[in-house]
Amino acid sequence: MSDDDFLRVTDVSKWYGDEKVLEDVSFEMDRGDVTVLIGPSGSGKSTMLRCVNRLAEAQEGSILLDGEEVLSPDLDVDELRREVGMVFQGFNLFAHLTAVGNVALGPRRVLGLSETAARERAEEQLERVGLADQLDSYPAELSGGQQQRVGIARALAMEPKLMLFDEPTSALDPELIGEVLEVMHGLVEEGMTMLVVTHEMSFAREVADEIVFLDDGRVVERGPPEQLFDRPEEERTGRFLERIASHD
Amino acid sequence: MASATRPATVRERVADADRSVGRLLLVAAGALFWGWLVASWVNRWLGGVLVPVGQPLIPAGAVETAFAAIPGFAAYAADAAFVVELTPELSRGTWLTVVITAVSLVLGFFIAVPLAVTRVYGRFSAWLSLAYTELLRGTPLLAQLFVLYYGLNLASYVPGAFSGVFARDVVWVAILGFTLNGAAYQAEYIRGALESVEEGQITAGRAIGLSKLETIYYVVLPQGLRYAIPSWTNEFVYLIKYSSLAAFITVPELYYRADQIASETFRYTLIFVVTGVTYLALVLTASKLMERVEERVSIPGLGADSEE
(Lines give C-alpha, C1' and ligand atoms only; values in the text may rest on other atoms or scores of the structure.)
Protein backbone atom coordinates (compact mmCIF):
# COMPACT_ATOMS: atom_id res chain seq x y z
CA MET A 1 0.00 0.00 0.00
CA SER A 2 3.00 2.29 -0.36
CA ASP A 3 2.72 5.49 -2.38
CA ASP A 4 4.98 4.21 -5.08
CA ASP A 5 2.83 1.27 -6.19
CA PHE A 6 3.31 0.78 -9.92
CA LEU A 7 -0.35 -0.01 -10.55
CA ARG A 8 -2.96 0.91 -8.01
CA VAL A 9 -6.58 0.05 -8.69
CA THR A 10 -8.91 1.65 -6.18
CA ASP A 11 -12.66 1.08 -5.84
CA VAL A 12 -13.26 0.60 -9.56
CA SER A 13 -16.92 0.12 -10.51
CA LYS A 14 -18.52 -0.40 -13.87
CA TRP A 15 -22.05 -0.88 -15.11
CA TYR A 16 -23.42 -2.15 -18.39
CA GLY A 17 -26.76 -0.39 -18.32
CA ASP A 18 -28.32 -1.38 -15.00
CA GLU A 19 -26.05 -4.35 -14.50
CA LYS A 20 -23.11 -3.77 -12.23
CA VAL A 21 -20.19 -5.80 -13.60
CA LEU A 22 -17.45 -4.42 -11.32
CA GLU A 23 -17.98 -3.24 -7.78
CA ASP A 24 -15.32 -1.43 -5.78
CA VAL A 25 -12.46 -3.53 -7.09
CA SER A 26 -9.11 -2.69 -5.51
CA PHE A 27 -5.65 -4.19 -5.77
CA GLU A 28 -2.12 -2.97 -6.35
CA MET A 29 1.08 -4.16 -7.97
CA ASP A 30 4.75 -3.26 -7.75
CA ARG A 31 6.99 -3.03 -10.76
CA GLY A 32 7.97 -6.55 -11.81
CA ASP A 33 5.01 -8.15 -10.04
CA VAL A 34 2.80 -10.79 -11.56
CA THR A 35 -0.82 -10.59 -10.48
CA VAL A 36 -3.30 -13.22 -11.62
CA LEU A 37 -7.03 -12.52 -11.69
CA ILE A 38 -9.13 -15.65 -11.27
CA GLY A 39 -12.82 -16.22 -10.95
CA PRO A 40 -15.82 -17.85 -12.61
CA SER A 41 -16.80 -16.69 -16.09
CA GLY A 42 -18.82 -13.53 -15.92
CA SER A 43 -17.08 -12.48 -12.72
CA GLY A 44 -15.72 -9.35 -14.38
CA LYS A 45 -12.03 -10.28 -14.54
CA SER A 46 -11.66 -9.63 -18.29
CA THR A 47 -13.58 -6.39 -17.93
CA MET A 48 -11.26 -5.34 -15.09
CA LEU A 49 -8.27 -6.07 -17.31
CA ARG A 50 -9.73 -4.01 -20.15
CA CYS A 51 -10.36 -1.05 -17.87
CA VAL A 52 -6.60 -0.79 -17.34
CA ASN A 53 -5.96 0.07 -21.01
CA ARG A 54 -9.36 1.71 -21.45
CA LEU A 55 -10.75 -0.83 -23.91
CA ALA A 56 -13.56 -0.79 -21.36
CA GLU A 57 -14.53 2.34 -19.47
CA ALA A 58 -14.85 2.19 -15.69
CA GLN A 59 -17.42 4.66 -14.37
CA GLU A 60 -16.09 5.00 -10.85
CA GLY A 61 -12.86 4.65 -8.97
CA SER A 62 -9.25 5.24 -9.80
CA ILE A 63 -6.52 3.39 -11.66
CA LEU A 64 -3.07 4.87 -11.11
CA LEU A 65 -0.39 3.57 -13.46
CA ASP A 66 3.08 4.81 -12.63
CA GLY A 67 1.48 7.72 -10.79
CA GLU A 68 -0.81 8.73 -13.67
CA GLU A 69 -4.59 8.53 -13.50
CA VAL A 70 -5.69 6.14 -16.27
CA LEU A 71 -9.36 7.05 -15.88
CA SER A 72 -8.79 10.79 -16.34
CA PRO A 73 -10.85 12.14 -19.23
CA ASP A 74 -7.86 14.23 -20.34
CA LEU A 75 -5.63 11.20 -20.74
CA ASP A 76 -4.34 10.42 -24.25
CA VAL A 77 -5.72 6.90 -24.57
CA ASP A 78 -3.50 6.01 -27.52
CA GLU A 79 -0.42 6.98 -25.52
CA LEU A 80 -1.57 4.84 -22.59
CA ARG A 81 -2.02 1.86 -24.91
CA ARG A 82 1.46 2.38 -26.32
CA GLU A 83 2.80 1.59 -22.84
CA VAL A 84 0.43 -1.23 -21.95
CA GLY A 85 0.64 -4.39 -24.04
CA MET A 86 -2.33 -6.69 -24.41
CA VAL A 87 -2.67 -10.33 -25.40
CA PHE A 88 -6.11 -11.64 -26.34
CA GLN A 89 -7.89 -14.93 -25.89
CA GLY A 90 -8.69 -15.09 -29.63
CA PHE A 91 -5.19 -13.91 -30.70
CA ASN A 92 -6.74 -11.19 -32.90
CA LEU A 93 -3.85 -11.19 -35.34
CA PHE A 94 -4.09 -9.01 -38.43
CA ALA A 95 -5.02 -11.62 -41.01
CA HIS A 96 -3.49 -9.85 -44.03
CA LEU A 97 -0.05 -9.39 -42.49
CA THR A 98 2.79 -11.87 -41.96
CA ALA A 99 4.10 -12.58 -38.47
CA VAL A 100 6.67 -9.83 -38.97
CA GLY A 101 4.02 -7.51 -40.39
CA ASN A 102 1.81 -8.05 -37.36
CA VAL A 103 4.59 -7.29 -34.93
CA ALA A 104 6.09 -4.40 -36.93
CA LEU A 105 2.82 -2.48 -37.46
CA GLY A 106 2.84 -0.86 -34.02
CA PRO A 107 6.53 0.14 -34.03
CA ARG A 108 6.18 1.45 -37.60
CA ARG A 109 2.89 3.36 -37.37
CA VAL A 110 2.58 4.16 -33.67
CA LEU A 111 6.19 4.62 -32.60
CA GLY A 112 7.22 5.99 -36.00
CA LEU A 113 10.22 3.71 -36.53
CA SER A 114 11.61 3.34 -40.05
CA GLU A 115 10.54 0.36 -42.13
CA THR A 116 13.89 -1.37 -41.52
CA ALA A 117 14.05 -0.58 -37.81
CA ALA A 118 10.48 -1.79 -37.31
CA ARG A 119 11.22 -5.01 -39.16
CA GLU A 120 14.38 -5.56 -37.14
CA ARG A 121 12.51 -5.07 -33.89
CA ALA A 122 9.76 -7.43 -35.06
CA GLU A 123 12.31 -10.11 -35.90
CA GLU A 124 13.93 -9.72 -32.47
CA GLN A 125 10.59 -10.10 -30.71
CA LEU A 126 9.59 -13.11 -32.79
CA GLU A 127 12.91 -14.74 -31.93
CA ARG A 128 12.19 -13.98 -28.29
CA VAL A 129 8.97 -16.03 -28.50
CA GLY A 130 10.68 -18.80 -30.46
CA LEU A 131 9.31 -18.05 -33.92
CA ALA A 132 12.48 -17.13 -35.78
CA ASP A 133 11.58 -19.70 -38.43
CA GLN A 134 8.07 -18.35 -39.06
CA LEU A 135 8.82 -14.69 -39.72
CA ASP A 136 7.05 -14.52 -43.05
CA SER A 137 4.15 -16.87 -42.32
CA TYR A 138 0.62 -15.55 -42.37
CA PRO A 139 -1.64 -16.12 -39.34
CA ALA A 140 -3.76 -18.65 -41.21
CA GLU A 141 -0.62 -20.70 -41.84
CA LEU A 142 0.26 -20.90 -38.13
CA SER A 143 -1.01 -23.14 -35.33
CA GLY A 144 -2.99 -21.58 -32.49
CA GLY A 145 0.02 -21.69 -30.18
CA GLN A 146 2.21 -20.01 -32.77
CA GLN A 147 -0.45 -17.38 -33.41
CA GLN A 148 -0.66 -16.56 -29.74
CA ARG A 149 3.12 -16.25 -29.55
CA VAL A 150 2.95 -13.76 -32.44
CA GLY A 151 0.28 -11.97 -30.40
CA ILE A 152 2.68 -11.77 -27.46
CA ALA A 153 5.52 -10.58 -29.69
CA ARG A 154 3.23 -7.91 -31.14
CA ALA A 155 2.56 -6.56 -27.66
CA LEU A 156 6.21 -6.80 -26.59
CA ALA A 157 7.40 -4.89 -29.66
CA MET A 158 5.89 -1.74 -28.20
CA GLU A 159 8.25 -2.16 -25.21
CA PRO A 160 5.37 -1.92 -22.74
CA LYS A 161 5.86 -1.28 -19.05
CA LEU A 162 2.86 -3.47 -18.24
CA MET A 163 1.50 -6.54 -20.03
CA LEU A 164 -2.14 -7.57 -19.86
CA PHE A 165 -3.03 -11.18 -20.67
CA ASP A 166 -6.71 -11.91 -21.26
CA GLU A 167 -7.11 -15.69 -21.01
CA PRO A 168 -4.20 -16.24 -23.40
CA THR A 169 -4.51 -20.03 -23.48
CA SER A 170 -8.29 -20.52 -23.28
CA ALA A 171 -8.78 -20.84 -27.04
CA LEU A 172 -5.92 -23.30 -27.46
CA ASP A 173 -5.91 -27.06 -27.83
CA PRO A 174 -4.40 -28.61 -24.69
CA GLU A 175 -1.21 -29.69 -26.43
CA LEU A 176 -0.53 -26.10 -27.57
CA ILE A 177 -0.95 -24.45 -24.17
CA GLY A 178 2.54 -25.37 -22.98
CA GLU A 179 4.44 -23.37 -25.59
CA VAL A 180 2.52 -20.20 -24.73
CA LEU A 181 2.96 -20.65 -20.98
CA GLU A 182 6.66 -21.23 -21.58
CA VAL A 183 6.94 -17.85 -23.30
CA MET A 184 5.06 -16.23 -20.42
CA HIS A 185 7.38 -17.92 -17.93
CA GLY A 186 10.29 -16.37 -19.79
CA LEU A 187 8.76 -12.92 -19.44
CA VAL A 188 8.30 -13.43 -15.70
CA GLU A 189 11.97 -14.31 -15.40
CA GLU A 190 12.90 -11.17 -17.31
CA GLY A 191 11.02 -9.17 -14.69
CA MET A 192 8.06 -8.06 -16.82
CA THR A 193 5.14 -6.61 -14.88
CA MET A 194 2.15 -8.76 -15.80
CA LEU A 195 -1.55 -8.72 -15.04
CA VAL A 196 -3.00 -12.04 -16.13
CA VAL A 197 -6.51 -13.43 -16.42
CA THR A 198 -6.27 -17.20 -16.68
CA HIS A 199 -7.69 -20.54 -15.67
CA GLU A 200 -4.24 -22.15 -15.63
CA MET A 201 -4.01 -22.59 -11.87
CA SER A 202 -0.65 -24.35 -11.80
CA PHE A 203 0.83 -21.49 -13.83
CA ALA A 204 -0.73 -18.99 -11.44
CA ARG A 205 0.64 -20.82 -8.44
CA GLU A 206 4.14 -20.93 -9.92
CA VAL A 207 4.56 -17.35 -11.06
CA ALA A 208 2.05 -15.11 -9.30
CA ASP A 209 3.05 -12.74 -6.56
CA GLU A 210 -0.60 -12.23 -5.78
CA ILE A 211 -3.84 -13.90 -6.78
CA VAL A 212 -7.02 -11.84 -6.88
CA PHE A 213 -10.23 -13.87 -6.76
CA LEU A 214 -13.19 -12.07 -8.30
CA ASP A 215 -16.80 -13.17 -8.15
CA ASP A 216 -19.84 -11.18 -9.23
CA GLY A 217 -17.64 -8.18 -9.97
CA ARG A 218 -16.19 -8.04 -6.47
CA VAL A 219 -12.86 -8.98 -4.96
CA VAL A 220 -13.73 -11.87 -2.70
CA GLU A 221 -10.24 -12.61 -1.55
CA ARG A 222 -6.65 -11.82 -2.49
CA GLY A 223 -3.29 -12.99 -1.34
CA PRO A 224 -0.14 -14.87 -2.26
CA PRO A 225 -0.83 -18.13 -4.13
CA GLU A 226 0.13 -20.48 -1.31
CA GLN A 227 -2.31 -18.77 1.01
CA LEU A 228 -5.15 -18.39 -1.47
CA PHE A 229 -4.86 -21.84 -2.99
CA ASP A 230 -4.07 -23.84 0.15
CA ARG A 231 -5.78 -21.91 2.93
CA PRO A 232 -8.56 -19.85 1.38
CA GLU A 233 -10.32 -17.73 3.96
CA GLU A 234 -13.57 -17.37 2.09
CA GLU A 235 -15.91 -20.25 1.43
CA ARG A 236 -16.63 -19.05 -2.12
CA THR A 237 -12.94 -19.15 -3.01
CA GLY A 238 -12.69 -22.72 -1.78
CA ARG A 239 -15.74 -23.81 -3.76
CA PHE A 240 -14.44 -22.17 -6.95
CA LEU A 241 -11.03 -23.81 -6.58
CA GLU A 242 -12.64 -27.21 -6.02
CA ARG A 243 -14.72 -26.84 -9.16
CA ILE A 244 -11.69 -25.83 -11.21
CA ALA A 245 -9.63 -28.70 -9.77
CA SER A 246 -12.27 -31.26 -10.70
CA HIS A 247 -12.09 -30.02 -14.30
CA ASP A 248 -8.33 -30.40 -14.55
CA MET B 1 -17.87 -29.24 -69.69
CA ALA B 2 -20.43 -32.00 -69.60
CA SER B 3 -20.76 -31.71 -65.84
CA ALA B 4 -24.13 -32.33 -64.22
CA THR B 5 -24.44 -28.88 -62.66
CA ARG B 6 -24.31 -25.98 -65.04
CA PRO B 7 -22.01 -23.12 -64.02
CA ALA B 8 -24.24 -20.31 -62.80
CA THR B 9 -22.13 -17.27 -63.48
CA VAL B 10 -19.89 -15.87 -66.17
CA ARG B 11 -17.05 -16.08 -63.67
CA GLU B 12 -17.59 -19.77 -63.18
CA ARG B 13 -17.93 -20.37 -66.87
CA VAL B 14 -14.68 -18.54 -67.44
CA ALA B 15 -13.10 -20.55 -64.64
CA ASP B 16 -14.32 -23.72 -66.30
CA ALA B 17 -12.88 -22.61 -69.58
CA ASP B 18 -9.56 -22.34 -67.80
CA ARG B 19 -9.46 -26.05 -67.26
CA SER B 20 -10.31 -27.01 -70.80
CA VAL B 21 -9.32 -26.46 -74.38
CA GLY B 22 -11.74 -23.56 -74.19
CA ARG B 23 -9.05 -21.58 -72.47
CA LEU B 24 -6.94 -21.41 -75.62
CA LEU B 25 -9.95 -20.34 -77.66
CA LEU B 26 -10.81 -17.68 -75.12
CA VAL B 27 -7.30 -16.29 -75.09
CA ALA B 28 -7.21 -16.29 -78.90
CA ALA B 29 -10.59 -14.56 -79.10
CA GLY B 30 -9.48 -12.03 -76.51
CA ALA B 31 -6.26 -11.29 -78.35
CA LEU B 32 -8.15 -10.89 -81.62
CA PHE B 33 -10.77 -8.61 -80.05
CA TRP B 34 -8.34 -6.34 -78.22
CA GLY B 35 -5.88 -6.40 -81.12
CA TRP B 36 -8.63 -5.18 -83.43
CA LEU B 37 -9.81 -2.54 -80.93
CA VAL B 38 -6.40 -1.11 -80.14
CA ALA B 39 -5.32 -1.15 -83.80
CA SER B 40 -8.51 0.70 -84.75
CA TRP B 41 -8.00 3.31 -82.04
CA VAL B 42 -4.35 3.86 -82.86
CA ASN B 43 -5.18 4.16 -86.54
CA ARG B 44 -7.72 6.88 -85.74
CA TRP B 45 -5.49 8.80 -83.31
CA LEU B 46 -2.58 8.84 -85.74
CA GLY B 47 -4.77 10.04 -88.57
CA GLY B 48 -4.98 6.83 -90.55
CA VAL B 49 -1.52 5.26 -90.55
CA LEU B 50 -2.86 1.77 -91.30
CA VAL B 51 -5.99 2.48 -93.34
CA PRO B 52 -7.80 5.74 -94.06
CA VAL B 53 -9.80 6.92 -90.99
CA GLY B 54 -13.31 5.47 -91.12
CA GLN B 55 -12.28 2.44 -93.16
CA PRO B 56 -12.26 -1.10 -91.70
CA LEU B 57 -8.83 -2.62 -91.01
CA ILE B 58 -9.48 -5.33 -93.60
CA PRO B 59 -11.39 -4.31 -96.75
CA ALA B 60 -15.01 -5.47 -96.70
CA GLY B 61 -14.71 -6.57 -100.32
CA ALA B 62 -11.92 -9.00 -99.50
CA VAL B 63 -13.96 -10.59 -96.69
CA GLU B 64 -16.92 -10.94 -99.03
CA THR B 65 -14.78 -12.65 -101.69
CA ALA B 66 -13.21 -14.95 -99.12
CA PHE B 67 -16.59 -16.00 -97.72
CA ALA B 68 -17.99 -16.56 -101.22
CA ALA B 69 -15.11 -18.92 -101.95
CA ILE B 70 -15.78 -21.20 -98.94
CA PRO B 71 -18.44 -23.80 -99.69
CA GLY B 72 -21.48 -23.35 -97.46
CA PHE B 73 -20.49 -19.82 -96.41
CA ALA B 74 -21.40 -18.09 -99.66
CA ALA B 75 -24.87 -17.24 -98.36
CA TYR B 76 -23.34 -15.19 -95.52
CA ALA B 77 -20.81 -13.31 -97.64
CA ALA B 78 -22.89 -10.11 -97.85
CA ASP B 79 -23.63 -10.15 -94.10
CA ALA B 80 -19.96 -10.67 -93.27
CA ALA B 81 -19.00 -7.73 -95.47
CA PHE B 82 -21.68 -5.60 -93.76
CA VAL B 83 -20.33 -6.46 -90.32
CA VAL B 84 -16.81 -5.55 -91.40
CA GLU B 85 -18.10 -2.21 -92.63
CA LEU B 86 -19.58 -1.60 -89.16
CA THR B 87 -16.29 -2.08 -87.35
CA PRO B 88 -14.85 1.46 -87.59
CA GLU B 89 -17.99 2.95 -86.02
CA LEU B 90 -18.21 0.21 -83.39
CA SER B 91 -14.56 0.61 -82.35
CA ARG B 92 -15.10 4.36 -81.96
CA GLY B 93 -18.13 3.76 -79.79
CA THR B 94 -16.34 1.09 -77.77
CA TRP B 95 -13.58 3.58 -76.94
CA LEU B 96 -16.07 5.84 -75.21
CA THR B 97 -17.74 2.87 -73.49
CA VAL B 98 -14.38 1.73 -72.12
CA VAL B 99 -13.30 5.20 -71.03
CA ILE B 100 -16.61 6.10 -69.40
CA THR B 101 -16.73 2.78 -67.55
CA ALA B 102 -13.11 2.88 -66.39
CA VAL B 103 -13.10 6.52 -65.29
CA SER B 104 -16.48 6.28 -63.53
CA LEU B 105 -15.47 3.07 -61.79
CA VAL B 106 -12.20 4.51 -60.45
CA LEU B 107 -13.71 7.85 -59.41
CA GLY B 108 -16.69 6.04 -57.89
CA PHE B 109 -14.32 3.83 -55.89
CA PHE B 110 -12.74 6.83 -54.19
CA ILE B 111 -16.19 8.04 -53.16
CA ALA B 112 -17.39 4.56 -52.23
CA VAL B 113 -14.60 3.80 -49.73
CA PRO B 114 -15.32 6.79 -47.46
CA LEU B 115 -19.06 6.14 -47.89
CA ALA B 116 -18.64 2.55 -46.74
CA VAL B 117 -16.30 3.46 -43.89
CA THR B 118 -18.63 6.15 -42.51
CA ARG B 119 -21.55 3.79 -42.92
CA VAL B 120 -19.87 1.16 -40.76
CA TYR B 121 -17.93 3.28 -38.27
CA GLY B 122 -19.57 6.69 -38.34
CA ARG B 123 -22.41 7.96 -36.19
CA PHE B 124 -24.20 10.94 -37.74
CA SER B 125 -22.24 10.48 -40.96
CA ALA B 126 -23.53 6.90 -41.18
CA TRP B 127 -27.01 8.33 -41.72
CA LEU B 128 -25.79 10.69 -44.42
CA SER B 129 -24.05 7.82 -46.14
CA LEU B 130 -27.15 5.65 -45.87
CA ALA B 131 -29.34 8.41 -47.28
CA TYR B 132 -27.00 8.92 -50.23
CA THR B 133 -26.77 5.21 -50.96
CA GLU B 134 -30.50 4.61 -50.78
CA LEU B 135 -31.33 7.66 -52.90
CA LEU B 136 -28.91 6.70 -55.65
CA ARG B 137 -29.75 3.01 -55.58
CA GLY B 138 -33.45 3.59 -55.19
CA THR B 139 -34.06 5.79 -58.22
CA PRO B 140 -33.61 4.86 -61.89
CA LEU B 141 -30.15 5.52 -63.27
CA LEU B 142 -31.67 6.88 -66.45
CA ALA B 143 -33.70 9.39 -64.43
CA GLN B 144 -30.49 10.46 -62.68
CA LEU B 145 -28.78 11.01 -66.02
CA PHE B 146 -31.79 13.01 -67.27
CA VAL B 147 -31.69 15.22 -64.17
CA LEU B 148 -27.99 15.91 -64.68
CA TYR B 149 -28.27 16.51 -68.43
CA TYR B 150 -31.72 17.90 -69.14
CA GLY B 151 -32.66 19.11 -65.67
CA LEU B 152 -29.46 20.77 -64.51
CA ASN B 153 -28.06 21.19 -68.03
CA LEU B 154 -24.61 20.32 -66.68
CA ALA B 155 -23.13 19.83 -70.16
CA SER B 156 -22.90 23.62 -70.50
CA TYR B 157 -21.06 24.01 -67.18
CA VAL B 158 -18.13 21.66 -67.87
CA PRO B 159 -15.03 23.46 -66.48
CA GLY B 160 -12.53 24.75 -69.02
CA ALA B 161 -9.84 22.25 -68.08
CA PHE B 162 -12.16 19.33 -68.86
CA SER B 163 -13.97 20.88 -71.81
CA GLY B 164 -12.76 19.59 -75.15
CA VAL B 165 -11.08 16.44 -73.78
CA PHE B 166 -13.85 14.48 -75.48
CA ALA B 167 -15.47 15.41 -78.78
CA ARG B 168 -18.57 16.29 -76.80
CA ASP B 169 -18.69 17.67 -73.26
CA VAL B 170 -21.78 15.60 -72.49
CA VAL B 171 -19.40 12.67 -71.93
CA TRP B 172 -18.41 14.33 -68.65
CA VAL B 173 -22.05 14.45 -67.61
CA ALA B 174 -22.31 10.71 -68.22
CA ILE B 175 -19.11 10.09 -66.25
CA LEU B 176 -20.47 12.20 -63.37
CA GLY B 177 -23.75 10.30 -63.41
CA PHE B 178 -22.14 6.87 -63.47
CA THR B 179 -19.59 7.91 -60.83
CA LEU B 180 -22.26 9.11 -58.39
CA ASN B 181 -24.52 6.14 -59.03
CA GLY B 182 -21.76 3.52 -59.12
CA ALA B 183 -20.29 4.89 -55.89
CA ALA B 184 -23.53 4.02 -54.09
CA TYR B 185 -23.45 0.44 -55.35
CA GLN B 186 -19.73 0.02 -54.76
CA ALA B 187 -20.19 1.38 -51.23
CA GLU B 188 -22.75 -1.32 -50.50
CA TYR B 189 -20.41 -4.08 -51.64
CA ILE B 190 -17.47 -2.61 -49.73
CA ARG B 191 -19.57 -2.06 -46.60
CA GLY B 192 -20.53 -5.72 -46.53
CA ALA B 193 -16.89 -6.72 -46.86
CA LEU B 194 -15.71 -4.32 -44.15
CA GLU B 195 -18.26 -5.77 -41.76
CA SER B 196 -16.81 -9.21 -42.31
CA VAL B 197 -13.42 -8.17 -40.88
CA GLU B 198 -13.23 -9.60 -37.36
CA GLU B 199 -14.03 -7.10 -34.62
CA GLY B 200 -11.15 -8.51 -32.54
CA GLN B 201 -8.59 -7.23 -35.04
CA ILE B 202 -9.91 -3.71 -34.58
CA THR B 203 -9.60 -4.11 -30.81
CA ALA B 204 -6.05 -5.38 -31.29
CA GLY B 205 -5.24 -2.38 -33.48
CA ARG B 206 -6.55 0.01 -30.85
CA ALA B 207 -4.69 -1.91 -28.14
CA ILE B 208 -1.29 -1.23 -29.72
CA GLY B 209 -2.13 2.47 -29.83
CA LEU B 210 -3.43 2.97 -33.36
CA SER B 211 -6.24 5.53 -33.59
CA LYS B 212 -9.62 4.43 -34.90
CA LEU B 213 -8.90 5.92 -38.32
CA GLU B 214 -5.43 4.35 -38.45
CA THR B 215 -6.91 0.98 -37.51
CA ILE B 216 -9.42 1.28 -40.33
CA TYR B 217 -6.67 2.28 -42.77
CA TYR B 218 -4.02 -0.27 -41.80
CA VAL B 219 -6.13 -3.19 -40.61
CA VAL B 220 -9.72 -3.08 -41.88
CA LEU B 221 -9.43 -1.69 -45.41
CA PRO B 222 -6.58 -3.93 -46.63
CA GLN B 223 -8.72 -6.94 -45.73
CA GLY B 224 -12.16 -5.56 -46.51
CA LEU B 225 -11.19 -4.42 -49.98
CA ARG B 226 -9.79 -7.87 -50.75
CA TYR B 227 -12.98 -9.53 -49.58
CA ALA B 228 -14.99 -7.06 -51.69
CA ILE B 229 -13.37 -8.02 -54.99
CA PRO B 230 -15.81 -10.75 -56.11
CA SER B 231 -18.94 -8.69 -55.48
CA TRP B 232 -17.25 -5.51 -56.64
CA THR B 233 -16.60 -7.26 -59.95
CA ASN B 234 -20.38 -7.45 -60.38
CA GLU B 235 -20.56 -3.68 -60.25
CA PHE B 236 -17.77 -3.48 -62.82
CA VAL B 237 -19.71 -5.79 -65.14
CA TYR B 238 -22.99 -3.95 -64.57
CA LEU B 239 -21.38 -0.63 -65.27
CA ILE B 240 -20.01 -1.80 -68.62
CA LYS B 241 -23.54 -2.63 -69.67
CA TYR B 242 -25.30 0.27 -67.93
CA SER B 243 -22.95 2.70 -69.63
CA SER B 244 -25.17 2.15 -72.69
CA LEU B 245 -27.75 4.39 -70.95
CA ALA B 246 -25.44 7.29 -71.81
CA ALA B 247 -26.83 6.98 -75.34
CA PHE B 248 -30.05 8.53 -74.03
CA ILE B 249 -28.25 11.73 -73.18
CA THR B 250 -26.61 11.72 -76.64
CA VAL B 251 -23.20 10.30 -75.73
CA PRO B 252 -21.93 8.58 -78.89
CA GLU B 253 -20.75 5.38 -77.18
CA LEU B 254 -21.15 1.83 -78.45
CA TYR B 255 -24.90 1.45 -78.05
CA TYR B 256 -25.59 4.93 -79.48
CA ARG B 257 -23.61 4.23 -82.64
CA ALA B 258 -25.14 0.80 -83.10
CA ASP B 259 -28.63 2.26 -82.71
CA GLN B 260 -27.88 5.01 -85.22
CA ILE B 261 -26.63 2.63 -87.88
CA ALA B 262 -29.54 0.28 -87.24
CA SER B 263 -32.10 3.03 -87.69
CA GLU B 264 -30.48 3.96 -91.00
CA THR B 265 -30.07 0.43 -92.34
CA PHE B 266 -32.86 -1.40 -90.51
CA ARG B 267 -30.53 -4.35 -89.95
CA TYR B 268 -31.34 -4.43 -86.23
CA THR B 269 -30.73 -8.11 -85.57
CA LEU B 270 -27.31 -8.31 -87.13
CA ILE B 271 -26.12 -5.01 -85.69
CA PHE B 272 -27.25 -5.71 -82.16
CA VAL B 273 -25.89 -9.26 -82.21
CA VAL B 274 -22.47 -7.82 -83.12
CA THR B 275 -22.87 -5.07 -80.51
CA GLY B 276 -23.92 -7.62 -77.92
CA VAL B 277 -20.85 -9.72 -78.65
CA THR B 278 -18.71 -6.62 -78.19
CA TYR B 279 -20.23 -5.96 -74.75
CA LEU B 280 -19.75 -9.63 -73.90
CA ALA B 281 -16.07 -9.41 -74.82
CA LEU B 282 -15.67 -6.37 -72.55
CA VAL B 283 -17.48 -8.11 -69.70
CA LEU B 284 -15.40 -11.28 -70.02
CA THR B 285 -12.23 -9.21 -70.07
CA ALA B 286 -13.31 -7.40 -66.90
CA SER B 287 -14.21 -10.54 -64.97
CA LYS B 288 -11.07 -12.34 -66.12
CA LEU B 289 -8.99 -9.35 -65.11
CA MET B 290 -10.56 -9.14 -61.65
CA GLU B 291 -10.12 -12.86 -61.17
CA ARG B 292 -6.41 -12.35 -61.73
CA VAL B 293 -6.34 -9.43 -59.31
CA GLU B 294 -8.13 -11.52 -56.71
CA GLU B 295 -5.60 -14.35 -57.05
CA ARG B 296 -2.69 -11.93 -56.94
CA VAL B 297 -3.74 -10.26 -53.69
CA SER B 298 -5.21 -13.29 -51.90
CA ILE B 299 -3.96 -13.81 -48.34
CA PRO B 300 -1.87 -17.01 -47.99
CA GLY B 301 -3.59 -19.63 -45.89
CA LEU B 302 -7.06 -18.17 -46.39
CA GLY B 303 -8.98 -20.05 -49.07
CA ALA B 304 -9.10 -18.21 -52.40
CA ASP B 305 -12.69 -19.34 -52.84
CA SER B 306 -13.77 -18.60 -49.28
CA GLU B 307 -15.88 -15.69 -50.49
CA GLU B 308 -18.57 -17.92 -51.95
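Above this text you will find the structure in question.
Reference entry: report on the structure contained in this document. Keep in mind that what you see is a predicted model, and the values were worked out from it rather than measured. (Residues numbered from 1 in each chain as written. Chains lettered and ligands numbered in written order. Predicted model: local features only at pLDDT ≥ 70, side-chain atom pairs only at ≥ 80, totals over all residues. Heavy atoms only, no water.)

Structural notes on the interface of chain A and chain B
- Taken together, the 23 residues of chain A in the interface contact 21 residues of chain B.
- Between chain A and chain B, roughly 1900 Å² of surface is buried when both sides are summed, and carbon and sulfur atoms account for 68% of that area.
- If you sort the residues of chain A by the area they bury against chain B, F94, H96 and R109 of chain A come out on top, with a joint share of 28%.
- On inspection of chain A and its partner chain B, the count reaches 1 salt bridge.
- The salt bridge involving D78 of chain A is made with R206 of chain B; its shortest N-O contact spans 3.8 Å.
- Linking chain A to chain B there are 5 residue pairs in polar contact (both at pLDDT 80 or more). (Contact = heavy atoms within 4.5 Å. Buried area = accessible area lost by both parts, 1.4 Å probe. Salt bridge = Lys/Arg side-chain N within 4 Å of Asp/Glu carboxyl O. Polar contact = N/O pair within 3.5 Å; in protein donor to acceptor, adjacent residues only side chain to side chain.)

Some thoughts on the environment of L142 of chain A
Residues and elements named next belong to chain A.
- In this fold, L142 is placed in the loop between helix 4 (115-128) and helix 5 (144-156).
- What makes L142 buried here is its relative accessible area of 8%.
- For the pair L142 and A99, spaced 43 residues apart in the sequence, the C-alpha separation amounts to 9.2 Å.
- Ignoring sequence-local partners within four residues, the contact set of L142 consists of Q134, S137, Q147 and V150. (Helix = DSSP H or I, 4+ residues; strand = E, 2+ residues; numbered from the N terminus. Buried < 20%, exposed > 50% of the residue type's maximum accessible area, 1.4 Å probe, protein only.)

Points about the side chain of Q125 of chain A
- With respect to the helices, strands and loops of the structure, Q125 of chain A is situated in helix 4.
- Residues contacting Q125 of chain A, with those up to four places away along its chain left out, are V103, A153, L156 and A157 of chain A.

Points about the sheet that holds strand 5 (residues 68-69) of chain A
All names here are of chain A.
- Ordered by their spatial adjacency, 4 strands build an open sheet running 2-1-4-5, and the pairing between neighbours is antiparallel. The strands lining the two open edges of the sheet, one partner per strand, are strand 2 (19-29) and strand 5.
- In terms of strand pairing, strand 4 (residues 60-65) meets strand 5 through 2 bridges, oriented antiparallel. Bridging across to strand 5, L64 finds its partner in E69. (Pairing = 2+ DSSP bridges.)

So, the sheet that holds strand 3 (residues 34-38) of chain A
Residues and elements named next belong to chain A.
- With mixed pairing, 6 strands are arranged side by side in an open sheet as 6-7-8-3-9-10. The sheet is open, and its two borders are formed by strand 6 (84-87) and strand 10 (218-223), each paired with just one other strand. Across this sheet, the average inter-strand angle for adjacent strands is 15°, counted without regard to direction.
- Bridge count for strand 6 against strand 7 (residues 162-166) is 4 bridges, and the pairing is parallel. The partner of G85 across the bridge, within strand 7, is M163.
- Docked against the sheet, helix 5 engages strand 6 and strand 7, running at close to 170° with respect to strand 6.
- Set on the sheet, helix 6 (residues 174-189) makes contact with strand 3, strand 7 and strand 8 (194-197); between it and strand 8 the angle comes to about 150°. (Axes fitted to C-alpha atoms, helices over the stretch in contact; angles between N-to-C directions.)

Some thoughts on helix 1 (residues 45-52) of chain A
Residue and element names in this part refer to chain A.
- Where burial is concerned, most of helix 1 is hidden: 6 out of the 8 residues are buried.
- When we look at burial in helix 1, the residues that qualify are K45, T47, M48, L49, C51 and V52.
- In the stretch just after helix 1, R54 is the one whose phi turns positive, near 65°.

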